[in-house]
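Below, each chain spelled out in residue letters.
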Amino acid sequence: MTEIGGFQDRVARVDLSEESVAYESIDEDDARKYIGARGLGVKYVFEQGPDVDPLGPDNLLAFMNGPLSGTQVTMSGRIAVCTKSPLTGTVTDSHHGGWSGARLKWAGFDGLLFEGEADSPVYAHIEDGEVELRDASDLWGAGVHETRDQLEKEVDGSYGKNLSLMAIGPGGENEVKYACIMNEDDRASGRGGTGCVMGSKNLKAIVIKSTTKMPQPADQETFREGHQQAMQAITESEVTAPNEGGLSMYGTNVLMNIGEEMDGLPTKNGRYTSTEAMRDAEGVDIDAERVSGENVRENILVDEPTCHSCPVACKKEVEVQAMHKGEEMNVRTESYEYESAYALGPNSGHTDRDAVALMLDRCNDMGVDTIETGNMMAMAMEMTEEGKLDEGELEWGDTETMIDMIERIARREDDLADLLAEGPRRVADRKEAHDNSLAVKGQTIAAYDPRCMKGMGIGYATSNRGACHLRGYTPAAEILGIPEKVDPYEYEGKGELTAAFQDLHAISDSFDICKFNAFAEGIEEYVLQYNGMTGLDVTEDELLEAGERIYNLERYYNNLVGFDGADDSLPARFLDGEDGIPGQGASEGEFCELEEMKEEYYDHRGWVDGVVPDEKLEALEIEIGPGTGVSAGDSPAPADD
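Anyway, here's the lowdown on the structure attached to this text. Please read these numbers as outputs of a predicted model, since none were measured by experiment.

1. Here's the deal with the overall build of the chain
When helices and strands are tallied, the chain shows 24 helices and 17 strands. A compact globule built from 641 residues would reach a C-alpha radius of gyration of about 26 Å, and the chain, at 23 Å, matches this within 12%. For the chain, the C-alpha atoms occupy an extent of roughly 65 × 60 × 45 Å along the three principal directions. Taking all 641 residues of the chain together, the buried fraction comes to 66%.

2. With respect to the sheet that holds strand β12 (residues 203-209)
Pairing within the open sheet is mixed, and its six strands lie in the order β8-β7-β12-β9-β10-β11. Edge strands, defined here as strands with exactly one partner in the open sheet, are β8 (130-135) and β11 (188-189). Across five bridges, strand β9 (residues 163-167) lies against β12 in antiparallel orientation. By the bridge assignment for β12, Leu 163 is matched with Lys 209. Across the sheet, helix α4 (residues 144-154) touches β7 (122-127), β9, β10 (181-183) and β12, and the angle it forms with β9 is around 140 degrees.

3. Quick notes on the packing of helix α7 (residues 220-236) against helix α21 (residues 523-534)
Two elements in contact, α7 and α21, have axes separated by 7 Å at closest approach and are oriented at 145 degrees. For the pair α7 and α21, the sense of crossing is left-handed. Every residue of α21 that contacts α7 at Thr 222, Phe 223, Glu 225, Gly 226, His 227, Gln 229 and Ala 230 is listed here: Glu 524, Glu 525, Leu 528, Gln 529, Asn 531, Gly 532 and Met 533. Partitioned by chemical class, the residues of the contact of α7 with α21 number four nonpolar, seven polar and three charged.

4. Brief notes about empty space enclosed by the protein
Gaps between atoms show up when a probe of the same size as a water molecule is rolled over them. Applying the stated rule across the entire model yields one cavity of 30 Å³ or more. Computed from the structure, the largest cavity encloses a volume of approximately 40 Å³. Lining the largest cavity are Met 249, Tyr 250, Gly 293, Val 296, Arg 297, Leu 301, Lys 316 and Tyr 336. Listed by contribution, the elements that provide at least two residues to the lining of the largest cavity are α8 (246-250) and α11 (293-299). A total of three residues in the lining of the largest cavity trace back to one element, the largest contributor, which is α11.

5. What about a negative patch on the surface?
A cluster of acidic residues, Asp 219, Glu 221, Glu 225, Glu 524, Asp 537, Glu 540, Asp 541 and Glu 542, forms a negative patch on the protein surface. Those elements that place two or more of their residues in the negative patch are α7 and α22 (540-561). Take Glu 542: it is sitting in helix α22.

6. Things to note about helix α2 (residues 37-47)
For α2, the tally of buried residues reaches ten of eleven residues, placing the bulk of the element in the interior. Once α2 finishes, Gly 49 follows within two positions and takes phi at roughly 105 degrees, a positive value.

7. Here we look at the environment of His 350
Summarising the element assignment, His 350 is placed in the loop between α12 (338-344) and α13 (353-366). Once the C-alpha coordinates of His 350 and Thr 399 are considered, the two residues, 49 residues apart in sequence, prove to be 8.0 Å apart. Excluding its chain neighbours within four sequence positions, the residues that come into contact with His 350 are Ile 286, Leu 344, Gly 345, Val 356, Met 359, Gly 397, Thr 399 and Met 402. A polar atom in the side chain of His 350 sits 2.6 Å from the backbone oxygen of Leu 344.

8. Some thoughts on unusual backbone geometry
With an omega of 0 degrees, the peptide bond between Ile 482 and Pro 483 qualifies as cis. For the bond from Phe 511 to Asp 512, the omega torsion is 0 degrees, close enough to zero to count as cis. If you trace the backbone, Asp 512 turns up in the loop between α20 (494-511) and α21. In this structure, Asp 609 is a non-glycine residue whose phi angle is positive, near 50 degrees.

9. Topic: the side chain of Thr 88
Examined against the element boundaries, Thr 88 turns out to sit in the loop between β4 (79-84) and β5 (91-96). Overall, the relative accessible area of 1% leaves Thr 88 in the buried class. Among the polar contacts listed, one links the side chain of Thr 88 to the side chain of Thr 90, at a separation of 2.6 Å. In this view, Thr 88 contacts Arg 425, Lys 441, Gly 442, Gln 443, Arg 465 and Phe 563; residues no more than four positions away in its chain are not counted.

10. Here's the deal with the pairing of strand β15 (residues 327-333)
Where strand β14 (residues 317-324) and β15 come together, seven bridges link them in antiparallel fashion. Bridge pairing links Ala 322 to Met 329 in β15. Where β14 hands over to β15, the hairpin turn is made up of two residues, of which Lys 325 adopts a positive phi near 55 degrees.

11. Things to note about the nonpolar core
Tyr 336, Tyr 448, Tyr 460, Phe 511, Tyr 526 and Leu 543 are the most contacted members of the largest nonpolar core, which has 146 residues in total. No other element matches α13, which puts eight residues into this core. Setting aside anything within four residues of it in sequence, one finds Phe 511 in contact with Ile 35, Gly 66, Pro 67, Leu 68, Ser 69, Tyr 526, Tyr 530 and Leu 543. Core analysis: the next-biggest nonpolar cluster, separate from the first, contains 25 residues, Ile 79, Ile 168, Val 197 and Leu 203 among them.

12. With respect to the pattern of salt bridges
A full pass over the atoms with the stated rule returns 54 salt bridges. In this structure, the salt-bridge partner of Arg 32 is Glu 28, at a minimum N-O distance of 3.2 Å. Of this pair, Arg 32 and Glu 28 both sit in helix α1 (residues 28-34), four residues apart, which is roughly one turn of that helix. For Asp 509, the salt bridge is made with Arg 471, and the minimal N-O distance between the two is 3.5 Å. Residue Asp 509 is found in helix α20, and its partner Arg 471 is found in the loop between α18 (454-462) and α19 (475-478); the two are separated by 38 residues along the sequence. For the pair shown, Asp 509 and Arg 471 are each scored as buried. Beyond isolated ion pairs, a larger network of salt bridges with shared partners links Arg 38, Asp 93, Arg 471, Asp 509, Lys 515 and Glu 554.

13. A few points about the pairing of strand β6 (residues 111-115)
Among the five residues that make up β6, five are buried, leaving the element largely enclosed by the rest of the structure. Alternating positions in β6 separate into two faces, Gly 111, Leu 113 and Glu 115 on one and Leu 112 and Phe 114 on the other, with burial throughout. As judged from the five bridges shared by strand β1 (residues 11-15) and β6, these two strands associate in the parallel manner. In the sheet register, Val 14 faces β6, and the bridge partner there is Phe 114. In the sheet, strand β3 (residues 61-64) pairs with β6 via four bridges, with the strands oriented antiparallel. Within β6, the position partnered with Phe 63 by the bridge is Leu 112.

Rules and cut-offs
- Residues numbered from 1 in each chain as written.
- Predicted model: local features only at pLDDT ≥ 70, side-chain atom pairs only at ≥ 80, totals over all residues.
- Heavy atoms only, no water.
- Helix = DSSP H or I, 4+ residues; strand = E, 2+ residues; numbered from the N terminus.
- Rg over C-alpha atoms; globule rule 2.2 N^0.38 Å.
- Buried < 20%, exposed > 50% of the residue type's maximum accessible area, 1.4 Å probe, protein only.
- Pairing = 2+ DSSP bridges.
- Contact = heavy atoms within 4.5 Å.
- Axes fitted to C-alpha atoms, helices over the stretch in contact; angles between N-to-C directions.
- Left-handed = near helix turned anticlockwise from the far one by under 90°.
- Nonpolar A, V, L, I, M, F, W, Y, C, P; charged D, E, K, R; others polar.
- 1 Å grid on protein atoms, 1.4 Å probe; cavity = no way out; pocket = protein on both sides within 12 Å on 5 of 7 lines; lining within 4 Å.
- Points joined across faces, edges and corners; volume = space filled by probe spheres on them.
- Patch = residues over 30% accessible without salt bridge, like charges linked within 9 Å, V, L, I, M, F, W, Y side chains within 5 Å.
- Areas by Shrake-Rupley, 256 points an atom, 1.4 Å probe, with all protein chains shown as cover.
- Salt bridge = Lys/Arg side-chain N within 4 Å of Asp/Glu carboxyl O.
- Lys, Arg positive; Asp, Glu negative; His and termini not counted.
- Charge placed at Lys NZ, Arg CZ, Asp CG, Glu CD.
- Polar contact = N/O pair within 3.5 Å; in protein donor to acceptor, adjacent residues only side chain to side chain.
- Core = buried A, V, L, I, M, F, W, Y, C linked by side-chain atoms within 4.5 Å.

This is the structure we're talking about:
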């Protein structure tokens, strides 16, 4: 058990096969070493064994909050979903904001661990420190929005007051490899296929019922100092200042015009580095400004909801009236995010603002990741152009077909949809289309072109959950100058910079607080708030070491699965080689210098060809599993000719 502040010291282990629930405490040594949320969640997943089938009953699906979740700490409304990914085969964790994480803490839990597979669809009802499994057969096949409405009536609660929901749509039920988990406010644990795992377990939803019961700091004085310092940093930041900063005014989509101007916006399946470059080369009518945060705010914004304890309010709720196949559709949805708009818009060869909103809403209701769905359609468009698809076709910028394709994929309605539901790696393998994929380790890139932002290149390659901008958000430095401005085109130093961001984000993901606080706060504010809430007395170096330990634990898990440096790759079109496509415009002639950055990165990490040596595991006190069998003195594998 643990007496560390911020914890409820209660985890529910739910065996869906046996329809049983057991309750256990948090191991205090684990809480000190792995913090909570992502860190503890990955530890639980590791204990289940790296060789499990992601869609088998032995795979663990862990919903974890951290010691700062649901507290007074700013932006502390996050929850981590940890499991072995059916999309990548790696360990993965996917987070969402809103109120789910806070309400789970208020209901008396630090985590929910699901294993096994229910005989028929069920949902979990959470209230007053107890978990009850209830029949969900009548909800199977329903979209997330219908599920949300039905369960609110059934449990006699009210969203926004005493009720939160985490649910899957048809995408999860039909085991789309990039299905996600949605909450009541259309916030998604989007990446890695967590919804696919939930569907494989016949778990339709988790309903959490609780009023506000925030944990109190163990050390009030230290917490007060840290909280005041953090609030001042947030309110003075040009990025996060409430009602003034770019993130608060325009949401994440404040980056659309910036990425376009830098020629760092992957367009038309990454062939171009901006819509302007595509427009100039092909003479087509496409302009990223139409799907930008500024355009959205001026024309279709209707509300700016927020998450627990967050003054920034980056979520932008939109409403559009649009014609689709002769039918007028009225859609109100959140959130018009940068990465979602990129994948469903410019990377798919169009910039129809209202069509993107319709697609966002359809993805949310069907429970599929917006980034992966958009990029899968872009891949299919390029494959159509090259004559590689026998199952059907999808033309560039065909928004009407794209809107319908989302539900077709979620329900696996036809041969093409069924193929695309398998994700980029399996499509590439089956159709000999690896050169059409923008994936790393089976997960596709986000809206940052590595020919422009070199830190994002090494970040995509070394992410422990497949291509991801959120493992180590180097655009903070490369675009926003946080903590200091670095040249996005310079590759030297980016290995070390990326590792620093990765470790820092491992900390915030384990607290679990929003990464956006790092646009204003730093390790000093983290330490003060963490010590104040928990009553511990960790130093900055000790906390940073915890972040490093978590990142190495994940890499170690992946090493045992079979991943090594050869998997720390990038799509060939971003590299200087036979299949490379140089950047255009402001990124004219640029490629990503991946191998040079990998060498620097591995040297900084102390890894051998992407593998954590046993000496590193010992130094970080990672005391689980058999070790990798690799020594720090071993030579890396020779590079391929």
